[in-house]
Amino acid sequence: KAAASFHKIDDLFQRVYIPDRIGHSLPIANACHTVCYHLVNWLISTNVCDARDLAYTVGDVSFHGKWMYNVSDENLKETLAKGRGTNSDVNAHAWLTYRTNYVFDPTILFTLADWDLYDLDSASNRLQLWSDHYEELRWELDYKPMLVDSDFYSRVDVVEEVPFQ
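Since the structure is predicted, the reported quantities are computational estimates derived from the model, not experimental observations.

**Here's the deal with the confidence of the model for the protein**
Right, on to step 1. In this model, the protein carries a mean pLDDT of 81, and residues with pLDDT of at least 70 account for 84%.
Right, on to step 2. For the protein, the element scoring lowest by mean pLDDT is helix 5 (residues 135-138), at 56; strand 2 (residues 66-67) scores highest, at 94.

Now the structure itself:
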């Protein structure tokens with residue numbers, strides 16, 4: 001079922017979501033909080049996914065064994081305590097978790113490409129599917145979930161955009 005859901009979400013992501021963001025001149029790379037917030041709400045409100053199956057997750061991701069954001073429990077707590085502010089970026093990665101053991105990451109490949117660490121043109125799917133239960137899905141990434149919180153974006157991020165409809 002996860003594979004079928006992934007393919008449906010990936011199709012919508014590539015056919016509808018990417019062109020919509022590009023059409024509004026909105027980035028996907030380095031926009032994980034915004035993209036995941038919009039996607040989780042859109043996928044649930046349009047009944048593509050059940051709210052019990054899909055969650056907005058915050059934490060860290062490693063690429064080739066190197067953690068990209070160096071998120072700690074302490075700095076995540078500090079971010080939450082500060083709330084919405086305009087003085088600093090939220091230094092944590094966001095993705096969608098499907099049924100507790102699958103990661104749907106809509107931005108990581110775009111971000112790696114933006115950082116010149118990955119050739120996005122070589123990707124057959126631009127939505128990354130990952131699971132620690134399946135070696136073939138792990139690729140060169142590892143995820144460290146630290147918080148499942150659908151309100152995280154609205155509590156700490158300050159980016160205001162036209163939401164995806």
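Next comes the rest of the write-up.
**A closer look at the packing of aromatic side chains**
Right, on to step 1. Evaluated as defined, the whole model comprises five aromatic pairs.
Right, on to step 2. When the centroid spacing of 6.3 Å and the interplanar angle of 80° are considered together, the rings of Phe 13 and Phe 110 count as edge-to-face. Placement of the pair is Phe 13 in helix 1 (residues 2-23) and Phe 110 in helix 4 (residues 108-114), with a sequence separation of 97 residues.
Right, on to step 3. A relative accessible area of 1% places Phe 13 in the buried class.
Right, on to step 4. Assessed through its relative accessible area of 10%, Phe 110 is described here as buried.
Right, on to step 5. Ring geometry for Tyr 69 against Trp 115: centres 6.2 Å apart, planes inclined by 50°, an arrangement best described as tilted. Here Trp 115 lies in the loop between helix 4 and strand 5 (128-130) and Tyr 69 lies in the loop between strand 2 and helix 3 (73-82), a separation of 46 residues in the sequence.
Right, on to step 6. Here the aromatic cluster, defined as three or more aromatic residues joined through ring pairs, consists of Phe 13, Tyr 17 and Phe 110.

**Looking at the environment of Asp 10**
Right, on to step 1. With respect to the element layout, Asp 10 can be found in helix 1.
Right, on to step 2. Setting aside chain neighbours within four positions, we find Asp 10 in contact with Asn 125, Arg 126 and Leu 127.

**Points about the side chain of Asp 105**
Right, on to step 1. Mapping Asp 105 onto the fold places it in strand 4 (residues 102-105).
Right, on to step 2. There is no salt bridge for the buried Asp 105, and the closest opposite charge comes from Arg 21, which lies 12 Å off by N-O distance.
Right, on to step 3. Side-chain polar atoms of Asp 105 contact the side chain of His 93, separated by 2.7 Å.
Right, on to step 4. A polar atom in the side chain of Asp 105 sits 2.7 Å from the side chain of Tyr 143.
Right, on to step 5. With residues near it in sequence (within four places) discarded, Asp 105 still touches His 93, Ala 94, Trp 95, Arg 126, Leu 127, Gln 128 and Tyr 143.

**Quick word on the pairing of strand 1 (residues 54-63)**
Right, on to step 1. With 10 of its 10 residues buried, strand 1 lies for the most part within the structure.
Right, on to step 2. One ladder, built from six bridges, connects strand 1 with strand 3 (residues 93-98); its direction is antiparallel. Within strand 3, the residue paired with Val 58 across the bridge is Ala 94.
Right, on to step 3. Pairing analysis gives seven bridges linking strand 1 to strand 6 (residues 141-148), with the strands arranged antiparallel. Paired with Val 58 across the strands is Leu 147, a residue of strand 6.
Right, on to step 4. In this structure, the hairpin formed by strand 1 and strand 2 is closed by a connection of two residues, where His 64 is found at a positive phi of approximately 55°.

**What to know about the nonpolar core**
Right, on to step 1. With 53 residues, the main nonpolar core has Leu 43 and Phe 104 as its most contacted residues.
Right, on to step 2. Examining the composition of this core, we find that seven residues originate from one element, helix 2 (residues 32-45), more than from any other.

Rules of the game
Residues numbered from 1 in each chain as written. Predicted model: local features only at pLDDT ≥ 70, side-chain atom pairs only at ≥ 80, totals over all residues. Heavy atoms only, no water. pLDDT = per-residue confidence, 0-100. Helix = DSSP H or I, 4+ residues; strand = E, 2+ residues; numbered from the N terminus. Phe/Tyr/Trp six-rings, centres within 6.5 Å; stacked < 30°, edge-to-face > 60°. Buried < 20%, exposed > 50% of the residue type's maximum accessible area, 1.4 Å probe, protein only. Contact = heavy atoms within 4.5 Å. Lys, Arg positive; Asp, Glu negative; His and termini not counted. Salt bridge = Lys/Arg side-chain N within 4 Å of Asp/Glu carboxyl O. Polar contact = N/O pair within 3.5 Å; in protein donor to acceptor, adjacent residues only side chain to side chain. Pairing = 2+ DSSP bridges. Core = buried A, V, L, I, M, F, W, Y, C linked by side-chain atoms within 4.5 Å.

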